[in-house]
Amino acid sequence: MTTSLTWTCSSCVRCVGCGIDSEHIDRFVQWENAPLDFFPFVFTKKEKSHCKTLVHPAIGLCASFCTKEALQKVLPEPYNFTDCEFFYSDDPQKCKFSISRQLASCFPDISYTVKILSGAFLEKKAKHTRKMSNRTSQPLWTKNHMTAIVHAFKAV
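Residues numbered from 1 in each chain as written. Predicted model: local features only at pLDDT ≥ 70, side-chain atom pairs only at ≥ 80, totals over all residues. Heavy atoms only, no water.

A short note on the packing of helix α1 (residues 45–52) against helix α2 (residues 57–74)
What describes two packed helices is the angle between their axes and the distance between those same axes. The cut-off we apply is this: Every angle, taken between N-to-C directions, lies between 0 and 180 degrees, and every axis is a line fitted to C-alpha atoms, over only the stretch in contact when it is a helix. Comment: elements are numbered from the N terminus, with helices defined as DSSP H or I runs of at least four residues and strands as E runs of at least two. Any two residues whose heavy atoms approach within 4.5 Å are treated as being in contact. In this count, Pro and Cys sit with the nonpolar residues alongside Ala, Val, Leu, Ile, Met, Phe, Trp and Tyr, while Asp, Glu, Lys and Arg are called charged and the others, Gly among them, polar.
In contact at an axis separation of 7 Å, α1 and α2 are set at 145° when each is read in the N-to-C sense. Facing Glu47, Cys51 and Lys52 of α1, the residues of α2 in contact are Pro57, Gly60, Leu61, Ser64 and Lys68. Residues of the contact of α1 with α2, tallied by class, amount to three nonpolar, two polar and three charged.

Written out as structure tokens, the structure is:
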């Protein structure tokens, strides 16, 4: 069976892309106490310094990495990860996302929104399960996940 759907909108902006990335937070725990020169091609020193101020630095590192990966999926060509910075906060209103002037000049007239979802939130909200090979179900999201969703918009 094939299903199709057509959407129309009279908005003054057009969504030109959506990137999603999800990672295990545990993957970043080993870097919580690393010196500021770790992964110089992924995180800026400002991002790493910010993460060290968090109660759980691995969550901030994971959120930043997910944001960079999600942005990579939105853009039509690869970019230098340090041209994008994301500063995580437990308060979603205080999270900060920025891209360098150089990156912005490569994709003029594009604006971005970033949404960070913790695994705990998704675990409560999502009812999705995936079938495992042994025919048991397992939650698609766990509390140890962090997910970033990046939307790119362009003025019409």
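Some details on the sheet that holds strand β1 (residues 13–24)
Formally: In short, DSSP must find at least two bridges between two strands for them to pair.
Here three strands make up an open sheet; going across it, the order is β1-β7-β4 and the pairing antiparallel. The open sheet terminates on both sides in strands that have one partner only, identified here as β1 and β4 (110–118). On average, each strand axis in the sheet is inclined to that of its neighbour by 15°, with strand direction left out of account. Together, β1, β4 and β7 (145–155) form the strand contacts of α2, whose direction differs from that of β1 by roughly 140°.

Here's the deal with the pattern of salt bridges
We apply this condition: Criterion for a salt bridge: a side-chain nitrogen of Lys or Arg within 4 Å of a carboxyl oxygen of Asp or Glu. Only protein chains enter the accessibility calculation, which uses a 1.4 Å probe; a residue is then buried when its area is under 20% of its type maximum, exposed when over 50%, and partly exposed in between.
Applying the stated rule across the entire model yields four salt bridges. Between Lys73 and Asp21 there is a salt bridge; the shortest N-O distance is 3.1 Å. In this pair, Lys73 sits in helix α2 while Asp21 sits in strand β1, placing the two residues 52 residues apart along the sequence. The class of Asp21 is buried, set by a relative accessible area of 8%. Where Arg27 meets Glu23, a salt bridge forms, and the shortest distance between an N and an O atom there is 2.5 Å. You can call Arg27 partly exposed: its relative accessible area is 43%.

Observations concerning the nonpolar core
For clarity, the cut-off: We call a set of buried Ala, Val, Leu, Ile, Met, Phe, Trp, Tyr and Cys residues a nonpolar core when their side-chain atoms join them within 4.5 Å.
Core analysis: the largest hydrophobic core is formed by 32 residues, its most contacted members being Leu71, Tyr88 and Met146. Those elements giving two or more residues to this core turn out to be α2, β2 (84–87), β4 and β7. Other than its neighbours up to four places away in sequence, Leu71 contacts Tyr79, Cys84, Phe97, Ile99, Leu103, Tyr112 and Val150.

Brief notes about the environment of Tyr88
Short version of the rule: N or O atoms within 3.5 Å of each other form a polar contact, as long as, within protein, one can give a hydrogen and the other can take it, and as long as residues adjacent in sequence are counted only when both atoms are side-chain atoms.
As for its placement among the helices and strands, Tyr88 is situated in the loop between β2 and β3 (96–99). Setting aside its immediate chain neighbours within four residues, Tyr88 contacts His50, Leu54, Ile59, Gly60, Ala63, Cys95, Ile116 and Met146. A polar contact is formed between the side chain of Tyr88 and the side chain of Asp90, at a distance of 3.3 Å.

A few points about the side chain of Ser64
Topologically, Ser64 is positioned in helix α2. A polar atom in the side chain of Ser64 sits 2.6 Å from the side chain of Glu47.

Let's talk about empty space enclosed by the protein
For clarity, the cut-off: Here a cavity is any set of points on a 1 Å grid over the protein atoms alone where a 1.4 Å probe fits but cannot get out, and a pocket is any open set with protein on both sides within 12 Å along at least 5 of 7 lines; a residue lines the site when it has an atom within 4 Å of a point. Grid points are joined across faces, edges and corners, and a volume is the space filled by probe spheres set on the points.
According to the stated counting rule, one finds one cavity of 30 Å³ or more in the structure shown. The computed volume of the largest cavity comes to approximately 30 Å³. Forming the boundary of the largest cavity are Trp31, Glu32, Phe38, Lys48, Cys51, Lys52, Pro57 and Leu61. For the lining of the largest cavity, the secondary structure elements donating two or more residues are α1 and α2. The class makeup of the residues in the lining of the largest cavity is five nonpolar, no polar and three charged.

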